[in-house]
Amino acid sequence: QLAESGGGLVQAGGSLRLSCAASGRTFSSYGMGWFRQAPGKEREFVAGISYIVGLTNIADSVKGRFTISRDNAKNTVYLQMNSLKAEDTAVYYCAAGRRLSTAPDSVDYWGQGTQVTVSS
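Residues numbered from 1 in each chain as written. Predicted model: local features only at pLDDT ≥ 70, side-chain atom pairs only at ≥ 80, totals over all residues. Heavy atoms only, no water.

This part covers the sheet that holds strand S7 (residues 66-71). Ordered in space as S1-S3-S8-S7, the four strands form an open sheet in which the pairing is antiparallel. Where the open sheet ends on each side, the last strands, each with one partner, are strand S1 (2-5) and S7. Neighbouring strand axes in the sheet, compared pairwise and without regard to direction, differ in orientation by 15° on average. For S1 and strand S3 (residues 16-22), the ladder comprises four bridges, and the chain directions are antiparallel. Within S3, the residue paired with Ala-3 across the bridge is Ala-21. (Pairing = 2+ DSSP bridges. Helix = DSSP H or I, 4+ residues; strand = E, 2+ residues; numbered from the N terminus. Axes fitted to C-alpha atoms, helices over the stretch in contact; angles between N-to-C directions.)

Now the structure itself:
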């Protein structure tokens, strides 16, 4: 089970940090990541991190503003979001997959999602 927290309402230019706590099993051998879905749009990849050496992949739309990290000891992955824009408004989903990629169908486990709203 994946449980997100940290979403909310923030002004443009502000920051938020999302957390995703895993429970029920260990995800230390899984790639972890974040996807988001805005109203009327398809779910899209935001960021991912590998399970061993922490290699990261960041979507071009958020590169330079968002960073992803993980703490395997705490079974938790984080998404630090800086310089937020109105277009970042979406439901953000934590994801885990043994072969996680940028495609939603590579995800084995989803969190329930947390709303991020950026006011302009």
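The structure having been displayed, the exposition proceeds.
Here the focus is the environment of Ser-23. Residue position: Ser-23 is located in the loop between S3 and strand S4 (31-37). On the accessibility criterion, Ser-23 (34% relative accessible area) is partly exposed. For the pair Ser-23 and Leu-2, spaced 21 residues apart in the sequence, the C-alpha separation amounts to 6.5 Å. (Buried < 20%, exposed > 50% of the residue type's maximum accessible area, 1.4 Å probe, protein only.)

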